[in-house]
Amino acid sequence: MDVEESPSDVASDRCGLPSVHLSTDEDSDDFSCQETFNEEEPAFPPDLEWLEELYKDDHDDVDGDGDLAVAAVDGRKRRYAETARMFKLRRNLDQLDCFHRQKEHDVLKARDELKLCRQNIKSLVEHRDNLEREIERQRAAHDSVAVFRLRSQHKHLCQELQSEEELEGHINTGLKQQELVLREVEVELGRFSSLRHEVQEEQRLFQAHKNQKTSTRLQRERKASQNLQFKMQHLKQKQAAALKKEEAGCQTKIEEGRANRKTAAKYLKETIRRMQQQEAEKQQQRREFLEKRIQAVNSLKSNIAATQESLRVQQSRARANAQKEEVRQRQLRESLEARGINSTKHMYQQKQLEEIKRKQAEFEERQKSKRVEIVAKILQEEQQVKSRKRHQALLPKPSTCDKTPRAGRAGEELLRYLAPRPPSAPEERATHQLIRFSDVSSSSSASSDVEDLEETRQRDEDHQSLAGSLAEPEFSGLWDQNYEKLQNEKRPMVQTEVKQNEPALNIAAKKVHGTELKGRPFISKPAVIFFKDFEVGIIYKKKIVLTNVSYVTNHCKLLGVSARLKGFLSINFEPPGSLSTGMSCDMQAVFQPTINEDLEGEVHFVSALGPFSVPVTCTIKKCELEVDSQFIDFGSHVVGQTISRIITLTNKGALATLFSLDTSSCLSPETSHVQASNVSANTCQEKRSQDTSSEDRSSSVSMGTVELQPKQERQELSEALQQEQPGSKASATGAEINPEACASSDVRVQMSQSHSDSCDLSLGNVREGEIGPFQSLQLEVLFSPTIPGRVKLDFHIIFSDSISKPIPIQVRGVAVSVPVCVVQPSIDLKICMFDHLYQDSIVVQSRASSALRLTFEVCPEMRKHMEILPKTAFIQAQSSFNAQLKFLPRSSLSKDAENLFDSDTGVLEVPMAVQVAGQVTPARFTVQAVVTSSELRFDRTLMDFGFCSIYQSVKSSVRLTNLSLLPQDFGFLTVPEFIELQPNDGFGTLLPQETLEIDLIFSAKKAKEYNFQLRCKSGINRDVLLSCRAAGVRPPLLLSHSLVQFGATALGDRSTAVLHLINPSASHQSKKNTPPVGKGAVAPATPRLFSFSLPEDSDISIAPSAGRLLPGERCLLQVTFRPRLRDQDIQEEALRLLRRAELLRVEELERSRHADQEALKEVPVVTAKGKKASVIPKTSQACGGPKTDQPTESPNPAELRPWSERHEEARASLLHSFTRRYRESTVPCFVSDGDPPEDEPQAQPAWSAFNTLYLKLQCPAVQPPLVVISNSAKNSIDFHQVAVGERVIQRFTVQNISRETLDLRSSVLDVHGPFSLLNALRCIRPGEKHTLVLAFSPSLEKKYCEILEVCSQKMTLEMTLSGVGVVPAVTSSHPGGVLDFGYVLQKESAVRVLKLQNSSVVAVGFRALLASLSPSRPPGGADSLASLLRTPTDSPVQPTVGTQNFSGLSVFSAVPAEGSVAPGQSLDIAVTFRPDHPSVSYSDRLTVELMNKSKVCVADVRGAACSHNMYLMGGDALTVPIESLLPPLAARRPALTAELELKEKPTTPVLVTLRASYTAGVITPAVRELQVGCIATQSVRKGGEFQWDNAASLQQLGFSVEPSKGSVETGHKRTVTVTWVPHSGYKPYEVVQTCLPLTLTGDETNVYRVTLMALVSTTTD
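Keep in mind that what you see is a predicted model, and the values were worked out from it rather than measured.

Definitions and limits used
Residues numbered from 1 in each chain as written. Predicted model: local features only at pLDDT ≥ 70, side-chain atom pairs only at ≥ 80, totals over all residues. Heavy atoms only, no water. Helix = DSSP H or I, 4+ residues; strand = E, 2+ residues; numbered from the N terminus. Buried < 20%, exposed > 50% of the residue type's maximum accessible area, 1.4 Å probe, protein only. Areas by Shrake-Rupley, 256 points an atom, 1.4 Å probe, with all protein chains shown as cover. Core = buried A, V, L, I, M, F, W, Y, C linked by side-chain atoms within 4.5 Å. Contact = heavy atoms within 4.5 Å. Pairing = 2+ DSSP bridges. Axes fitted to C-alpha atoms, helices over the stretch in contact; angles between N-to-C directions. Parallel < 35°, antiparallel > 145°, perpendicular 65-115°, else oblique. Left-handed = near helix turned anticlockwise from the far one by under 90°. Nonpolar A, V, L, I, M, F, W, Y, C, P; charged D, E, K, R; others polar. pLDDT = per-residue confidence, 0-100. Salt bridge = Lys/Arg side-chain N within 4 Å of Asp/Glu carboxyl O.

Our next topic: the overall build of the protein chain. Along the backbone of the protein chain there are 22 helices and 79 strands. A buried classification covers 36% of the 1661 residues belonging to the protein chain. Working note: accessible area of the protein chain is about 97200 Å², and carbon and sulfur atoms make up 52% of it.

If you want it as structure tokens, here you go:
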């Protein structure tokens, strides 16, 4: 056949163009290569396979048989070829059009270049003419220099003109060639114009056919869609029913939850109400306590003021007494000397007598106090004996053998106590303590604190003496104890007796999860059952709640109450049964008192964890009496005035009592000891010197705070006792003289003294009365001084209640008669500064009845600094006078007044005096002040900013210190415009001794040197100067921005800023002729090298970080801030977590070890004698200490390596605890002076510090709201190597660790790339997680990398995706073609194995597909229809899918149907043939393909099945290859009798056609072969036989069969040859036919009816 060339090939050949096809975008999707179209054999390229599939679909529509079918097939072939030819022509024509357009574009481009070249030539010619005219003009002007210059330009211009003309000729030649090619292409286009119309018509017909097929497919798809909708509707109904059921369950749960919430709300309201009540009670208590504190503070203030006044009066009185005593002694000495007596000796003897009398008085006082103390203790012992006798029945009786020694010891104690002895150490401390406090106390709290301290000391002594004999029944002699202590002693005895009466409860300690439970199993609310202020005969009830606080389910049982409470207290308690942890039960306590006494005891319970008890306390009504002050000091008052003070008596108890004020000295036994101590202390205090008395009084002022600070009081008391110890020892030695001297004389002295002192002090109208429960009364004390001197009054408040002790009250006052005094004896000028004037007023008060002259004196040291105006004045009677004090401290104060001024602390204390005419003692006062400097000082005198760029600012700091003790305002005035001061623009206030750091920001405006001074002015107009200097420079390069402020960037996110680095041009620098540093030439515009120097381990990156800039060029800089956690911080956090875990582990081990030791100690061991002994483990003795003493082992470095588990835990901990981080960094940019030298290109260029630029970066980092918690917290996902065509899925999880809901969204991945995001993003609430699913499906063999951005409102999380595509290399053991199973018995199977070998580096997935199971195969099969209509001569090949099983199961199966082959491994695929009925047309197609659709093996699988083990194979096909699924016709015939069935057993027809060839008069015999085989089965193992019947008759017709009979082994086949030789009388074109049976004998006998048909064929046929 002729082959037609394509148009494009023809055009290429004729034009002499290369066979290159330029395809457009529309053609590139469908066509990729060019092939020659063959009309007879339409071989399609791979891109036209869809056309073949389209026509395969058309085969389904062809229906018919015979000639009609043949015609349809021929028509289809023609349409198939025409369509393929049409697409081939369409593609070639499109390529020809594209080539034509390209040539047109080349021609236009050449014409434009030619036009531009001609314009250049024209301009050059004009320029040449102008130069020639200019040369003539300059030649005429005789300017030879210009002529030579113009000639050189003319020469250069002519050369350019010549080159342009040559270029014009070259372009013109090329243009002509391009136009010639274009004309040839246009001619070719004209030749194929008719072919183009034909192709367009064929395209229209093809489109119509395609639309028809589309409509047909659409109908099928709609039907399938309807079925799918029906299924979806059914599924939705099921889902709706399930949802309704779930909603019903949810509704039930919601109702239950509402009921539970209501119950919880009710209990919550009750709890809140109780809490509010408790809070209100606490607030009320706080208010009451605050009021008491305020009252105490007010009382303290008044007492301090009174004490100060009394101190001033006492000082003046002491000075007056001293002067009087000196005058008296002088007069006495003069009188004695006048009488001739030795005055010195006489006066010494008088002093000795007075000292002896004083000591005798002190000794009598001590003896009296001891005697009174003994009497009081004897009375107290009697009361204790009486009380113990009443409760003797409750105490255990002592044994007989113990009574006599104890009675003897008690007698010895009594005799030893009454015998003369020195006081013990505690008594000495108590005595000196009382002396000191009675002398220096100035507040009411002092005496009460002394009593409390005395009672505490007595209780401590009693506890020590009774520690070894608490079980003794008799009284404890003369021990110092009170009734409350006795009650405390009786309590443990009673409890011991109750416990002895109760049965023993040996309950083992309970353990939960190996831990022993300790503590109380139940707690009670209230913790103590308290019946306060009860009355006999009234019933009291209380409700108690018991709560299980153990960790197990527990129960409790009431055992009873203490023996002391029996008969008075009853418990109503119903055992609640088992109680869970936190559950409670109620009980009621009923108290019915019959005796008026305090009762204490316990209510005993027992639980599963052991016994416990609830304490019970019952108290009677008592009186609790106290006064707000036990010491009243009126201070100093002038004679004739009347002053009153108020004492508040308060009863805090519930029992009323009568009171009376007793001013007599007879004391009750309970208070005699305290009163006697006070009297003796006062006596000693009166006889002290006047100088020491002033110091003691000053100490009493400080002791006024004792009432507010009890702890501080105890500390001061202990120090005072230690200081007074030597004196106490001396007094104790003196007390040994005559212990029973004269107690009665001391009492008389005290009474007479009290009567003499109390004449000026008197009590108010209220001297006796009744004070009710919780009531307060006010008692008035009056002071009306009549004569100057000290006045005192001691009285007691006595109560009718026998338990209440009398309260002693001490009143003191001083009467003065000084007429003139300074109202303010101490003038405090506070803090003063040098060289500043301070003024104050001195107020002088006169009580005299006449005017007096005053003279103000200033000490000589202070006359330069201090002045009082006027110096002399007169004060009128009963008035005051104001003098002015001026104080101007000068710098020489420390030299002038060394004794008065302390230069280190600045404290100045100046004693002053006012001389009064007629008054011997001047009125003295003191001026106090703290003098300080007013200077401000800088830490440096010169500030050098160095070289500063005019485009940037330089910051430096200076420290300003205030040396004064006063705050000072400051400010910088007349600041230059190129200086900025911070903070507050250089203004502010400095606190005393404060140092402030001030930032100076220098911004040079010009490139010059700067020298200036900064003036700091203080608030008092003082100037402090600071000299500054700097040098402004102009750098050769410029930055568009010198400060970059990044926004708050989360860890893991990034922020980017864009800058420009500019190298100014020469013209720009010429406009600004300023030198770079102020002197010298202008820097030339040369290329510059730059380099940014980033700090190590920085979160900043700059791209590019180095480069070269030409003059006038600018460079784009990208600054990126990526905050991250430093490895060092993560390592430290990991170490901290490891140490904490180790400590917890060690503590747990220590606790478990301790618990084991306790358990071992409690385990009793029975010894040989039957006694029990505790077990002490040996390990506890050997162990020197706990394991915590051992040094902690260093962590394993492998545990802390990056991306390890410990490392990730530390990183997550830092991320969750990260709050905010702010860093500032300055990045220098070094700029070179130019390029390196040309002769040394490898040399380093010169760098100058003046050229350096600085870029300041402010980088705030915040906590990331979104973190990756999977993939080891890495921000990259590596898919590794993946076979091309396969898809690998990986996941990573993100978590929201912020407090806000995040709306996630992602960036768009490359739609043509291998990566894809498979799931949608959503909003995640705080703490929630979201998993992203990513897929990687490479299509080419290369490396892939892409970035996925997960965006939220506050950050963008970048994930780097990477992977490698690998082409799989898989081979099959079967080369393809036919895979024949041969004959198999029906309902049995045969297996063939295919081996797949994977030689690639990745695992490769595959699928084994059978054509019969393909979902795209149409019902019935197009192959079946084509083979059914095909004639036997068309093709002997069977169809792809042949006969199928009647059962519907597949005949052929492949296992596994899909899977994966590991790299370098192999996999077997088992193909199984399992027929269910006899047939010879079983066939299928097995395709093994990879995931990328590439086919490894395509095999046509065939097989045959028969019902017996013997079969005959060969001959001509008599049936179609596709069988009907209906049963065979023989099965539907009516049943025959057994005889007819045996006689008419069906035979199988076989046709064998023999064709003898006739060539050149010679006939070649025809030969055919048949195969007789025997199937190997397990049931039948012997072979079979075959035999031809009537084989001899065949020879007449020329047939011969060899062998005529034989046997076949199991699993083998034998060949039977049939030969036909025409006999001599054979007629041409005559068909010889005969029929003979073939009998096969195996498990059954089968007969084949073989028809032999022979004919002769010629070559012309």
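From this point, things continue past the structure.
Judged by nonpolar contacts, the single largest core of 37 residues is most densely connected at I842 and M862. Not counting chain neighbours up to four residues away, the residues in contact with M862 comprise F887, L893, A897, L900, L908 and V910. A1057, C1115, I1130 and V1231 belong to the second largest nonpolar core, which has 35 residues in total.

Attention shifts here to the sheet that holds strand 66 (residues 1458-1461). Working definition: the strands of a sheet are paired by backbone hydrogen bonds and lie parallel or antiparallel to each other. The five strands lie next to each other as 62-69-68-64-66, forming an open sheet whose pairing is mixed. Each edge of the sheet is formed by a strand with only one pairing partner; in this case those strands are strand 62 (1377-1385) and strand 66. Neighbour to neighbour, the strand axes of the sheet diverge by 25 degrees on average, direction disregarded. Pairing between strand 64 (residues 1404-1410) and strand 68 (residues 1479-1490): five bridges, direction antiparallel. Note that in strand 68 the partner of L1410 across the bridge is L1486.

A separate point is the packing of helix 6 (residues 193-338) against helix 7 (residues 343-390). Geometry of a packed helix pair, given as the angle between the helix axes and the separation of the axes. Packing of helix 6 against helix 7 brings their axes to within 9 Å, and their N-to-C directions diverge by 130 degrees. Between helix 6 and helix 7, the interaxial angle falls into the category oblique. Here helix 6 runs over helix 7; the crossing is right-handed. Taken together, the residues of helix 7 that come into contact with helix 6 (itself represented by Q329, R333, L336 and E337) are S343, H346 and M347. Its residues assigned to classes, the contact of helix 6 with helix 7 comprises two nonpolar, three polar and two charged.

When you line up the elements, V1231 lands in strand 49 (residues 1220-1231). Overall, the relative accessible area of 0% leaves V1231 in the buried class. Separated by 194 residues in the primary sequence, V1231 and L1037 have C-alpha atoms spaced 7.5 Å apart. Look past the residues within four positions of V1231 in its chain and what remains in contact with it is P1036, L1037, R1088, L1089, W1247, S1248, N1251 and L1253.

For strand 19 (residues 807-816), a buried count of 10 out of 10 residues is recorded, marking the element as mostly surrounded by other parts of the structure. Here strand 19 shows no split at all, with I807, I809, V811, G813 and A815 on one side and P808, Q810, R812, V814 and V816 on the other all buried.

Take the confidence of the model for the protein chain next. When pLDDT is averaged across the protein chain, the result is 76; 74% of the residues are at 70 or more. Confidence over residues 57-71 falls short of pLDDT 50; this stretch has 16 contacts with residues more than four positions distant or in other chains. Segment residues 1078-1082: pLDDT under 50, and seven contacts once partners within four positions in sequence are set aside and those in other chains are kept.

This part takes up the pattern of salt bridges. Taken as a whole, this structure holds 44 salt bridges when the rule is applied. A salt bridge links R937 to E935, with the shortest nitrogen-to-oxygen separation between them at 3.4 Å. With a closest N to O distance of 3.2 Å, R1568 and D1516 form a salt bridge. Here R1568 is found in strand 73 (residues 1566-1574), whereas its partner D1516 is found in the loop between strand 70 (1510-1513) and helix 22 (1538-1543), with 52 residues between them in sequence. Look at R1568 and you get partly exposed, because its relative accessible area is 22%. For D1516, a relative accessible area of 27% gives the class partly exposed. Counted as one network, the salt bridges with shared partners bring together E355, R358 and E362.

A few words on the sheet that holds strand 22 (residues 838-846). Spatially, 20-22-26-24 is the arrangement adopted by the four strands of the open sheet, whose pairing is antiparallel. At either margin of the open sheet sits one strand with a lone partner, and together these are strand 20 (820-822) and strand 24 (866-869). Pairs of neighbouring strands in the sheet enclose a mean axial angle of 25 degrees, with direction left out of account. Summarising the sheet, strand 22 and strand 26 (residues 880-887) pair through eight bridges and their orientation is antiparallel. In the sheet register, Y838 faces strand 26, and the bridge partner there is F887.

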